[in-house]
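Close look at the chain arrangement
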Amino acid sequence: MSVLVVAELTHAGDFHPMSWEALTAGRELAGQLGLPLSCLVIGGSLGDRSAEAAARGVTQVAAVEHALLSAYTADGFCSALTQALGQIAPQYVVFPHTYQVRDYGPKLATAVGRAFLSDCTSIRFDGAEPIFVKQVFQGKLSADFTLAGDAPRLFSVQSGAFAADAERPDSPAPIHALAIELDEAAIRVHPTEPYREAAGTADLSSAERIVSIGRGIKDPENIALAQRLADALGAELAASRPICDSGWLPLDRQVGSSGQTVKPKLYLALGISGAIQHLVGMKGSEVIAAINTDASAPIFEVADYGVVGDLFEVVPELLKQLEQS
Amino acid sequence: MKIVVCMKQTPSKDSILRTSADGAGLDLSQTEFETNEPDSYALEEALRLKDEHSAEVVAITAGAANTTTAIRDALAKGADRGILIEDDLFAGVAEPLATATALAVAIRKESPDLVLTGLQSDDVGFGQTGVVLAELLGLPHATLIVELRTDGATLDVKRELEAGWFQRLQLPLPALLTIQSGINKPRYATLMGIKKAKKKPLDRLPLGELDAAVSPGLVVQRLYAPTKQKTGTLLTGTPAEQAAQLLTKLREAKVL
Ligand SMILES: Cc1cc2nc3c(=O)[nH]c(=O)nc-3n(C[C@H](O)[C@H](O)[C@H](O)COP(=O)(O)OP(=O)(O)OC[C@H]3O[C@@H](n4cnc5c(N)ncnc54)[C@H](O)[C@@H]3O)c2cc1C
Ligand SMILES: Nc1ncnc2c1ncn2[C@@H]1O[C@H](COP(=O)(O)O)[C@@H](O)[C@H]1O
């Protein structure tokens, strides 16, 4: 019995940084339950990755390596991990809530006949049973869950919810290469190489100041107002996903998990609710300010300065006062 | 070609959420509902394929008996039929395996070529139901799809990866896709469409009559307003006062 953390490799072959956040969650859980912590690394050719994981202060590393895992497929990963879980028989399995885990986690859980608690933000221990906290209703509510049923119990952790686990390079753990069998014919989905769309002109990553608009801007005609504020502040204009989905601004101005990650000195959010997929792209900003009519909007949880108000009243005031000064 | 679209209704964006007396559910008696926004993109993709390939489009919801918002919406926009799997279980925080198991029983009878779901529900937000459903139906799947082409036998899709990366995938039909927002521009229902929808068939399947029982895996203990992580400064007053304070603060912080 153990707590097993499934580390993820990116298509470039590096560890996905969220792997070490999942390791922290696993370490907390293992500590509370008095269980050993182990780590699983999966991919087509693992190279030094298993050894790197073994230096992370775990008791064991399971290496799942197979040529058919070189390119990620849900069928391949699911089959390999089903076999691995059978061999390891862990009590809990922790995943980072990456796009890849979104793609195969629920399938794996179903294949092994278990539930899967996706996107947890923290774990509490009231008694013997760990309580998993998850945001619901777009962050407006939190929910406490317990996991019922037999081991293995599977859950994934939200990006940024746990600090990345510190490296402990002095205590290498044993590495076990697991023997798994994969059938090429059983992999039904055929992926091609990941690619980036031709880079646009907006380089938000080096912007000192960003004015970012969300659905609160309501109409594409109102973007001019935000643009005027951006010009007055010497800022780039950025947006949440729905604005780019609607084609109101080009995709290269989208901030968030599927867009750009920005770290400006000032990030001013206008009418953005602050969904986690947006927050991951901007919460590293030095100073965050937000204008939103809804006092309970999650953006105020990361904002240094919050204005509960109507952007159509506050932004013209900002413009007026900036002109006067 | 037959396409089944899984659609859910969720509390409308500005609704105030009250937890139920026992703290483990929601009091939705005062709540207005709308179609789960991601599912509108899934529906639009199905309707687009219908326009191109003369497909039959079936919209399906697992919900309480009055959970017809999403289906009515779909029928008004051009779906051909609706299926409602009825049970109060789905009015609360139903776990994805329970929802998907019920959907799977009904969808299996339809033998569709393509099953579409949204990538995530705006209420419970598990982001799982589609993928679980694919596994239960034994179908290949792909998630976060932002472009979809088909020749009727295979799918060629574009999948969104993190941080601005994409990938193309080929998969055989029948298959299941979870659709990402922005893939298309969902159409609006016309008055004519809304009128026609009233005559379109809506099958009601009581959950109890389906062989779809699952033992609980995820148990909700409590729903509550989140505790704030970090308390920044709230700037109060009139818009002019708020603007003045904000500029002062930003200058003090030397970011202006
Ligand atoms: C896999 C996945 C990937 C995603 N990737 C991204 C991503 O990269 N980037 C991203 O941004 N999102 C992403 N999303 C979407 C994300 O979950 C949210 O849906 C999105 O960020 C919401 O955008 P919003 O805040 O503009 O809109 P909403 O959530 O609709 O919020 C609008 C806000 O405007 C406020 N408002 C309304 N009127 C006014 C007014 N007059 N003045 C001031 N405030 C007002 C409202 O109170 C509300 O808080 C992703 C989702 C998923 C599932
Ligand atoms: N009760 C339901 N009825 C029909 N479809 C559903 C239901 N719940 C979830 N879905 C579908 O599954 C997707 C993902 O939901 P979720 O796993 O709750 O995030 C949604 O976008 C819907 O397409």
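In this report, we go over the structure that sits alongside the text.

1. A closer look at the packing of aromatic side chains
Residues and elements named next belong to chain A. Within the structure shown, the criterion is met by 10 aromatic pairs over all chains. Arranged with centres 6.1 Å apart and planes meeting at 40°, the rings of Tyr72 and Tyr104 form a pair that is tilted. Of this pair, Tyr72 sits in the loop between strand S3 (60-65) and helix H3 (74-88) while Tyr104 sits in helix H4 (residues 99-111); the two residues are 32 residues apart in sequence, bridging distant segments of the chain. A relative accessible area of 2% means that Tyr104 is categorised as buried. With a centroid separation of 5.8 Å and an interplanar angle of 50°, the aromatic rings of Phe77 and Tyr104 are classed as tilted. Of this pair, Phe77 sits in helix H3 while Tyr104 sits in helix H4, and the two are 27 residues apart along the sequence. For the pair formed by Phe77 and Tyr104, the shared burial category is buried.

2. Regarding the sheet that holds strand S14 (residues 266-270) of chain A
Ordered in space as S13(A)-S12(A)-S14(A)-S15(A)-S16(A)-S15(B), the 6 strands form an open sheet in which the pairing is parallel. The sheet is open, and its two edges are formed by strand S13 (236-239) of chain A together with strand S15 (233-235) of chain B, each paired on a single side. The mean inter-strand angle of the sheet, taken between neighbouring strand axes irrespective of direction, is 20°. Sheet topology places strand S12 (residues 209-213) of chain A next to S13 of chain A; 4 bridges connect them, and they run parallel. In the strand pairing of S13 of chain A, Val211 of chain A is matched with Leu237 of chain A. On the sheet, helix H5 (residues 223-233) of chain A packs against S12, S13 and S14 of chain A and is oriented at approximately 170° with respect to S12 of chain A. In the packing of helix H6 (residues 239-252) of chain B onto the sheet, the strands contacted are S14, strand S15 (287-292) and strand S16 (305-308) of chain A together with S15 of chain B, and the crossing angle to S16 of chain A comes to about 170°.

3. Digging into the site of ligand 1
The full set close to ligand 1 counts 33 residues, and Ser240, Ser258, Ser273, Gln277 and Asn292 of chain A are the nearest of them. Near ligand 1, residues from chains A and B are present, making the site a shared one. The contact in question runs from an oxygen atom of ligand 1 to an N or O atom on the side chain of Asn292 of chain A, over 2.7 Å. Note that a nitrogen atom of ligand 1 is positioned 3.3 Å from one of the backbone N or O atoms of Thr293 of chain A. Its free accessible area being 990 Å², ligand 1 has 88% of it covered by the protein chains. Elements that contribute at least two residues to the shell around ligand 1 include exactly H4, helix H6 (241-245), helix H7 (276-279), S15 and helix H8 (311-324) of chain A.

4. Brief notes about unusual backbone geometry
Residue Pro152 of chain A is bonded to the preceding Ala151 of chain A through a cis peptide linkage, with omega at 0°. The residue Pro152 of chain A is located in the loop between strand S7 (141-147) and strand S8 (153-157) in this model. Residue Pro174 of chain B is reached from Leu173 of chain B by a cis peptide bond, and omega for that bond is -5°. Mapped onto the fold, Pro174 of chain B is located in the loop between strand S11 (165-172) and strand S12 (175-179). Although it is not a glycine, Asp119 of chain A sits at a positive phi angle of roughly 70°. Summarising the element assignment, Asp119 of chain A is placed in strand S5 (residues 116-125). The buried category is assigned to Asp119 of chain A, whose relative accessible area is 9%. The phi torsion at Phe137 of chain A lies on the positive side, around 50°, for a residue other than glycine. One can find Phe137 of chain A in the loop between strand S6 (130-136) and S7. By relative accessible area, which is 7% here, Phe137 of chain A ends up buried.

What counts and what doesn't
- Residues numbered from 1 in each chain as written.
- Chains lettered and ligands numbered in written order.
- Predicted model: local features only at pLDDT ≥ 70, side-chain atom pairs only at ≥ 80, totals over all residues.
- Heavy atoms only, no water.
- Phe/Tyr/Trp six-rings, centres within 6.5 Å; stacked < 30°, edge-to-face > 60°.
- Helix = DSSP H or I, 4+ residues; strand = E, 2+ residues; numbered from the N terminus.
- Buried < 20%, exposed > 50% of the residue type's maximum accessible area, 1.4 Å probe, protein only.
- Pairing = 2+ DSSP bridges.
- Axes fitted to C-alpha atoms, helices over the stretch in contact; angles between N-to-C directions.
- Contact = heavy atoms within 4.5 Å.
- Near = heavy atom within 4 Å.
- Polar contact = N/O pair within 3.5 Å; in protein donor to acceptor, adjacent residues only side chain to side chain.
- Areas by Shrake-Rupley, 256 points an atom, 1.4 Å probe, with all protein chains shown as cover.

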